Amino acid sequence: MTGFSSIDRRRFLGFAALAAVAPGRLIAAAADGIPPGRRRMIQRNGYAIDAETPLDALMTYLTPNDLFFVRHHWNPQYAAHRGWGLVVDGEVERPLRLTVEDLRRMPRASATCVLQCAGNGRALFSPGIAGVQWQYGAVGNAKWTGVRVRDVLERAGLKATAKHLHTFGSDKPPLKVPPFWRSVELEKILADGIIADEMNGEPLPSVHGGPARLVVPGWAGDHWMKWLERISPQPEAQKGFYMETAYRYPKAPGAPGVAIPVAETQPVTEIFVKSTITDAPARARAGAAAVVRGFAFSGAPDVARVEISEDEGATWKPAELDPQHDPWAWRLWSYRWIPAVPGKATLWARATDSRGAVQPKDGVWNPSGYLHNGWHSAAVEVEA
Amino acid sequence: MRRRSLTRIRILALILVAGLLAAPRNSSAAPRKKKPAKAKVALVNFDAHLPVLGTKLAEFPAGPGKALADAGCVFCHSADMVVQQRLTEKQWTAEITKMTGWGADVPVDKRDELIAYLVKNFGTDGPRYEPVVARPVGR
């Protein structure tokens, strides 16, 4: 183990895969509404790759594939479509192995929905928390297409004894790092889960989990297993570090900075209601209209409203929701603001979802920094 | 270390060249006429001067403990992951315990030196961290 001089196979393959896909982007069409000057990523980790999207590139309903945030736990060995197969075993009558072609012959299903990393916003918590220092952009909205998990499990003859779907990807950890093995409650995955091999109408890119990944609408990204190679219905939840220690959230809020025993935590599941400002003028003129824009989403299937406050939450005015929407997708919103007086102004945004959950002023501090959803604000200099 | 880094950069450059050569071309089997490079540049939809994601990496700052960080941390992840943290001594100690448990190569008698280095450089009052801005990826 010797620092930079040691380019092991995983790293080599990771870089090679990046290099191989890079030229494709040189001629990619910019038909998705994001101008060239905004097409870049904020690198949070060079390898394994972690990168978030700048907010000014998150202003469209569908987030382009090349601008979608990337979160790798370690350098994956990207699977080729040829030879790839999805094993279905466990509590089923007929264990299966499905190829990409098998999946494409099954009834197709799509979901346009938000994928958010559980740790998005970790850098905004105080006191600080170890981990990838995501700010706002470990989130995106895409159209995911593939087959329903329910259809695959029915084809395999799902037994009534199964309660959890254990999920396995082809990425293997280095050294003694525990594997990223997970499980999802069967009830959720049967209702909404998709095994996706397309993203926004293109084959699912390797960097986003291709040939196929799990899509769990409304739930945080830790459930969306990438490079999916095996699913296994089981009576009990998966065990291991990434179930029993990581990706857990306090059952009740604790004091910031104070550790919480695992017994008093539960798995992260639904994402929290949240609104983020993507566009606000740095300067505005008193009496003249300015427009503020953003997106809002929730683990509930829809957002009911987005509001803007000029007085840190004392009063709120409604923003206009864009009509384009799908269950668990984000809502773009805009707010026409006419500043009344010159000086420094701050605008706060908050969302309320279709179940009535209201975005809180501050995200609830938790030991791993998950699901930050405190109000987002923008400072504007108002001139006379 | 510098020589090794240079070797590494050369390897990455070779991989990039290989990637360019292996890039999918138009499916037509007919011989293609070479188009002027200008036409291709006009289609670039991002700043081509940006580094490819994962090729421009943070480096640990000089000082006692740098060699330990280079040897112990970057096998699994780049130094970016470390230098963006702003943690207390207690938090860094917990991180080193976790990472050595997972196989990070930190000699037991050097552990405190590494923790001191991390606290000094990446403590709670450290300077603002500026991440690398990279090309889009993933189409």
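Calculation rules
- Residues numbered from 1 in each chain as written.
- Chains lettered and ligands numbered in written order.
- Predicted model: local features only at pLDDT ≥ 70, side-chain atom pairs only at ≥ 80, totals over all residues.
- Helix = DSSP H or I, 4+ residues; strand = E, 2+ residues; numbered from the N terminus.
- Rg over C-alpha atoms; globule rule 2.2 N^0.38 Å.
- Buried ≥ 20, exposed ≤ 12 C-beta atoms within 10 Å, placed from the backbone.
- Contact = placed C-beta atoms within 7 Å.
- Expected span 1.5 Å × (residues − 1).
- Arc of directions from axis to C-beta.
- Pairing = 2+ DSSP bridges.
- Axes fitted to C-alpha atoms, helices over the stretch in contact; angles between N-to-C directions.
- Parallel < 35°, antiparallel > 145°, perpendicular 65-115°, else oblique.
- Left-handed = near helix turned anticlockwise from the far one by under 90°.
- Nonpolar A, V, L, I, M, F, W, Y, C, P; charged D, E, K, R; others polar.
- pLDDT = per-residue confidence, 0-100.

Draft legend 1. Expanded view of the overall build of chain A. Summing up its helical and strand segments, chain A has five helices and 24 strands in all. In summary, chain A has a C-alpha radius of gyration of 21 Å against a globular reference of 21 Å for 384 residues, a match within 12%. Dimensions along the principal axes, computed over C-alpha positions, put chain A at roughly 70 × 50 × 50 Å. Within chain A, the fraction of its 384 residues that count as buried is 52%. For chain A, the share of sequence-separated contacts (at least 6 apart) that also reach a separation of at least 24 residues comes to 69%.

Draft legend 2. Focus on helix H5 (residues 89–101) of chain B. All names here are of chain B. Taking 1.5 Å as the rise per residue, H5 with 13 residues should run 18 Å; its terminal C-alpha atoms sit 18 Å apart, in good agreement. Where H5 is concerned, the buried positions are Gln91, Trp92 and Met99. Buried residues in H5, looked at end-on, bunch into an arc of 95°, giving them a common side. In this structure, H5 carries Lys90, Thr97 and Gly101 as exposed residues pointing more than 90 degrees from its buried face. Taken together, the buried residues of H5 touch helix H6 (111–122). Two residues or fewer after H5 comes glycine 103, characterised by a positive phi angle close to 110°.

Draft legend 3. Here's a closer look at the sheet that holds strand S9 (residues 182–185) of chain A. Residue and element names in this part refer to chain A. Overall, mixed pairing links the five strands, which are arranged S5-S4-S13-S8-S9 in an open sheet. Lying at the two open borders of the sheet, with one neighbouring strand each, are strand S5 (96–98) and S9. Averaged over all pairs of adjacent strands, the angle between strand axes in this sheet comes to 20°, irrespective of strand direction. The strands that helix H3 (residues 149–156) touches are strand S4 (86–88), S5 and strand S13 (228–234); relative to S5, the one it contacts most, it runs at about 140°.

Draft legend 4. Looking closely at the sheet that holds strand S3 (residues 70–71) of chain A. Taken in spatial order, the four strands make up an open sheet running S3(A)-S2(A)-S1(A)-S1(B), and their pairing is antiparallel. Of all strands in the sheet, those with a lone pairing partner are S3 of chain A together with strand S1 (133–134) of chain B, marking the two edges. Summarising the sheet, strand S1 (residues 41–45) of chain A and strand S2 (residues 50–52) of chain A pair through three bridges and their orientation is antiparallel. Directly across from isoleucine 42 of chain A, in S2 of chain A, lies its bridge partner glutamate 52 of chain A.

Draft legend 5. Quick peek at H6 of chain B. Residue and element names in this part refer to chain B. Counted at 1.5 Å a residue, the expected span for H6 with its 12 residues is 16 Å, and the 16 Å between its end C-alpha atoms agrees. Residues of H6 that are buried include every one of Leu114, Ile115, Tyr117, Leu118 and Phe122, and no others. For H6, the arc enclosing every buried residue in end-on projection is 160°, short of the 170-degree limit, so these residues lie on one face.

Draft legend 6. Structural context of the packing of H5 of chain B against H6 of chain B. Residues and elements named next belong to chain B. Look at H5 against H6: their axes get within 9 Å of each other, and the N-to-C directions meet at 130°. By the angle between their axes, H5 is oblique relative to H6. In the packing of H5 onto H6, the handedness of the crossing is right-handed. Contact residues: H5 offers Glu89, Trp92, Thr93 and Ile96, while H6 offers Arg111, Leu114, Ile115, Leu118 and Val119. Here the contact of H5 with H6 is composed, by residue class, of six nonpolar, one polar and two charged.

Draft legend 7. Fine view of unusual backbone geometry. Residues and elements named next belong to chain A. Residue alanine 48 follows tyrosine 47 across a cis peptide bond; omega there is -15°. Along the chain, alanine 48 turns up in the loop between S1 and S2. Residue glycine 210 is joined to proline 211 through a cis peptide bond whose omega torsion reads 10°. In this structure, proline 211 sits in the loop between strand S11 (202–203) and strand S12 (213–215). Backbone geometry places asparagine 200, a non-glycine residue, at a positive phi of 55°. For asparagine 200, the location among the structural elements is in the loop between strand S10 (194–199) and S11. On the basis of neighbour counts, which here come to 20 C-beta atoms within 10 Å, the residue asparagine 200 falls in the buried class.

Draft legend 8. Molecular detail of the confidence of the model for chain B. On average, residues of chain B carry a pLDDT of 79, and 68% of them reach 70 or more. Residue range residues 9–31 of chain B is modelled with pLDDT below 50. Its contacts to residues more than four positions away, or to other chains, number 18 contacts.

Draft legend 9. A look at the confidence of the model for chain A. Of the residues in chain A, 92% have a pLDDT of 70 or more, and the chain-wide mean is 92. Every residue in residues 1–29 of chain A is under pLDDT 50, and counting partners more than four places away or in other chains gives 68 contacts.

Draft legend 10. Quick peek at the pairing of strand S18 (residues 290–297) of chain A. Residues and elements named next belong to chain A. Bridge count for strand S16 (residues 274–279) against S18 is five bridges, and the pairing is antiparallel. Residue pairing in the sheet places threonine 276 in a bridge with phenylalanine 295 of S18. Sheet topology places S18 next to strand S22 (residues 331–337); seven bridges connect them, and they run antiparallel. From the neighbouring strand, valine 291 faces S22, where its bridge partner is arginine 336.

Draft legend 11. Region of interest: the pairing of S22 of chain A. Residues and elements named next belong to chain A. With five of its seven residues buried, S22 lies for the most part within the structure. By the bridge criterion, two bridges tie strand S21 (residues 320–321) to S22 in an arrangement that is antiparallel. Within the sheet, the bridge partner assigned to leucine 321 lies in S22 and is tryptophan 333.

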